[in-house]
Amino acid sequence: MKTYGDIPGTTVFDAEQSRKGYHLNMFCMSLMKAANRERFKAGERAYLDEWPMTEEQKQAVLDRDYNGMLALGGNVYFLAKIFSTDGKSFQYAAALMTGMSQEEYARMMLAGGRAYEPGKPKEGV
Amino acid sequence: MARISAGIACSHVPAIGAAIDLGKTQEPYWAPLFAGFEFTKKWMASNTPDVVFLVYNDHATAFSLDIIPTFAIGCAPEFAPADEGWGARPVPLVRGAPEFAGHIAASVIESDFDLTLVNKMDVDHGLTVPLSLMFGQPKSWPCLVIPFAVNVVQYPPPSGNRCYQLGKAIRRAIDSFDQDLNVQIWGTGGMSHQLQGPRAGLINKEFDAKFLDGIVKDPEALTRIPREQYLREAGSEGIELVMWLIMRGALEGPVRELHRFYHVPASNTAVGHLILEPQA
């Protein structure tokens, strides 16, 4: 029985997520090679079709829907290969996942980051 | 005989590496962070070790989802800086210490810690950013490095207690190596941060302050922090802090704190840094 499922705004990348996201994450890994990045950029859909991912996973990649990819088994260190290919930073991606603009998010970080709130229920985020 | 002369704790944020590589260290955003490592760079120049035993985690670079070792020791003669998706960092090749690493691996496995042995791997920012913070931008790194990778990507990672006990076994292994070597052990990663989901950007300064104090004065208490507490209170990526306990376990007994630095933010992360000298 998982006891960490209630952490607000957080997907824990455990064995279940890892099984679900295996092909999605392995596609991300392929983007560590410059030649693959070029092929992906030249035709994203065709490149994605080379991987046995679900249609939902492929669409989430095309939409750069990072929260969607997390829910579908993506792990942020793997997903980093996608936003790196796009020339984007971790801060850009993190801001996107919080729904804030990058400027707003950067200001929050400069002000000390998002405060830890003990016991905040999941829906509260 | 080989001996551990110091333990270093240090975060390993990729944006810090990018700031160094792109010459941005004096920009207003970054200057306060790099100021915190000025003492360290000077200290390191006069206390350069022969070998660094560098505890870090691979970020889906050398290890994909095909093989996920909980603890992996790098035994190769050299390790290339990895292309993590934006080209490899322009930093020197990392030179290993195969004979010493082989000795440590054998000794630690005989102490019931079943390591994975790695004879070829590229190393990512988790390993190279701490090297840059400690040594700046030399043409070649001034010491040999034994990379020691810990799984903190797929949950569950090893517990803090397991890491601490492993550190003790690493200490015995280093002490029993029959060469006169000055060794430092570095524990990297952390401090509080979360890179994913709607809660990204979490920083918990209270947790971090307690953890820094605990590493110095009462690491045994930290070994009792359950994994879930790291996730909840230090953020999903803050669980990297268990790696600091490997370093602290290897120092055994009381330590002298030579330097402490804490800074928020580096991109998404709270940066913590300690230089510790074993007293025993």
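Keep in mind the model is a prediction, meaning the values are calculated, not measured.

Reading guide: rules and limits
Residues numbered from 1 in each chain as written. Chains lettered and ligands numbered in written order. Predicted model: local features only at pLDDT ≥ 70, side-chain atom pairs only at ≥ 80, totals over all residues. Helix = DSSP H or I, 4+ residues; strand = E, 2+ residues; numbered from the N terminus. Contact = placed C-beta atoms within 7 Å. Buried ≥ 20, exposed ≤ 12 C-beta atoms within 10 Å, placed from the backbone. Pairing = 2+ DSSP bridges. Axes fitted to C-alpha atoms, helices over the stretch in contact; angles between N-to-C directions. pLDDT = per-residue confidence, 0-100. Expected span 1.5 Å × (residues − 1). Arc of directions from axis to C-beta. Nonpolar A, V, L, I, M, F, W, Y, C, P; charged D, E, K, R; others polar. Parallel < 35°, antiparallel > 145°, perpendicular 65-115°, else oblique.

Some points on the overall build of chain A
In step 1: Scanning chain A for helices and strands turns up nine helices and one strand.
In step 2: Put simply, chain A runs from its N terminus to its C terminus through helices and strands in the order α-α-α-α-α-α-α-α-α-β.
In step 3: Projected onto its principal axes, the C-alpha positions of chain A cover 45 × 40 × 20 Å.
In step 4: Long-range contacts, defined as pairs at least 24 residues apart, comprise 59% of the intrachain contacts of chain A with a sequence gap of at least 6.

Some points on the overall build of chain B
In step 1: When its secondary structure is counted, chain B shows 10 helices and 11 strands.
In step 2: By principal-axis analysis of the C-alpha atoms, chain B measures approximately 45 × 40 × 40 Å.
In step 3: The buried share of chain B, reckoned over its 280 residues, is 56%.
In step 4: Contacts in chain B between residues far apart in sequence, at least 24 positions, make up 83% of those at least 6 positions apart.

Observations regarding the sheet that holds strand β6 (residues 116-118) of chain B
Residue and element names in this part refer to chain B.
In step 1: Taken together, the eight strands give an open sheet; going across it, the order is β6-β3-β7-β2-β8-β1-β11-β10, and neighbouring strands pair in mixed fashion. Edge positions in the sheet fall to β6 and β10 (255-266), since each of these pairs with one other strand and no more. On average, each strand axis in the sheet is inclined to that of its neighbour by 20°, with strand direction left out of account.
In step 2: Relative to strand β7 (residues 144-150), strand β3 (residues 71-74) runs antiparallel, the two sharing three bridges. Note that in β7 the partner of Ala72 across the bridge is Ala149.
In step 3: Seen against the sheet, helix α3 (residues 38-46) touches β10 and β11 (269-278) and runs at an angle of roughly 140° to β10.
In step 4: Its contacts with the sheet place helix α5 (residues 125-135) against β1 (3-10), β2 (51-56), β7 and β8 (182-188), and it is angled at close to 130° to β2.

Notes on the environment of Ala34(A)
In step 1: Position of Ala34(A) relative to the elements: it lies in helix α3 (residues 34-42).
In step 2: Separated by 20 residues in sequence, Ala34(A) and Asp14(A) have C-alpha atoms that sit 29 Å apart.

Notes on the environment of Leu133(B)
Residues and elements named next belong to chain B.
In step 1: Mapped onto the fold, Leu133 is located in helix α5.
In step 2: A C-alpha to C-alpha distance of 6.7 Å links Leu133 and Phe37, two positions 96 residues apart in sequence.
In step 3: Those residues within four positions of Leu133 in sequence are excluded, and the remaining contacts are Cys10, Ile16 and Phe37.

Side note on the confidence of the model for chain B
In step 1: Overall, the prediction assigns chain B a mean pLDDT of 97, with 100% of residues at 70 or greater.
In step 2: With pTM at 0.96, the complex prediction returns an ipTM value of 0.95.

Quick notes on helix α7 (residues 205-217) of chain B
All names here are of chain B.
In step 1: Taking 1.5 Å of rise per residue, 13 residues should cover 18 Å, and α7 covers 18 Å from first to last C-alpha, within 8% of that figure.
In step 2: Residues Phe207, Asp208, Phe211, Leu212 and Ile215 constitute the buried set of α7. One side of α7 carries all its buried residues, which in axial view fall inside an arc of 135°. For α7, exposure combined with an orientation more than 90 degrees from the buried face picks out Glu206 and Lys217.
In step 3: Of the surrounding secondary structure, the elements contacted by the buried residues of α7 are β1, α8 (219-222), α9 (227-234), α10 (242-251), β10 and β11.

So, the interface of chain B and chain A
In step 1: Counting residues at the interface gives 34 residues for chain B, matched by 43 residues for chain A.
In step 2: Looking at the side of chain B that touches chain A, the elements that each hand over two or more residues are α1 (14-21), β9 (202-203), α9 and β10 of chain B.
In step 3: Ranked by the residues each element gives to the side of chain B that touches chain A, the list is headed by α9(B), at four residues.
In step 4: Classifying every residue of the side of chain B that touches chain A gives 15 nonpolar, 12 polar and seven charged.
In step 5: Note: strand β1 (residues 114-115) of chain A against β9(B), two bridges, orientation parallel.

Details of the packing of helix α8 (residues 90-98) of chain A against helix α9 (residues 102-110) of chain A
Residues and elements named next belong to chain A.
In step 1: The interhelical angle for the contact between α8 and α9, taken along N-to-C directions, is 100°, at an axis separation of 9 Å. Relative to α9, the element α8 lies roughly perpendicular. Side by side, α8 and α9 meet where Gln91, Tyr92, Ala94, Ala95 and Thr98 of the first sit next to Gln102, Tyr105 and Ala106 of the second.
In step 2: Within the contact of α8 with α9, the residues separate by chemical class into five nonpolar, three polar and no charged.

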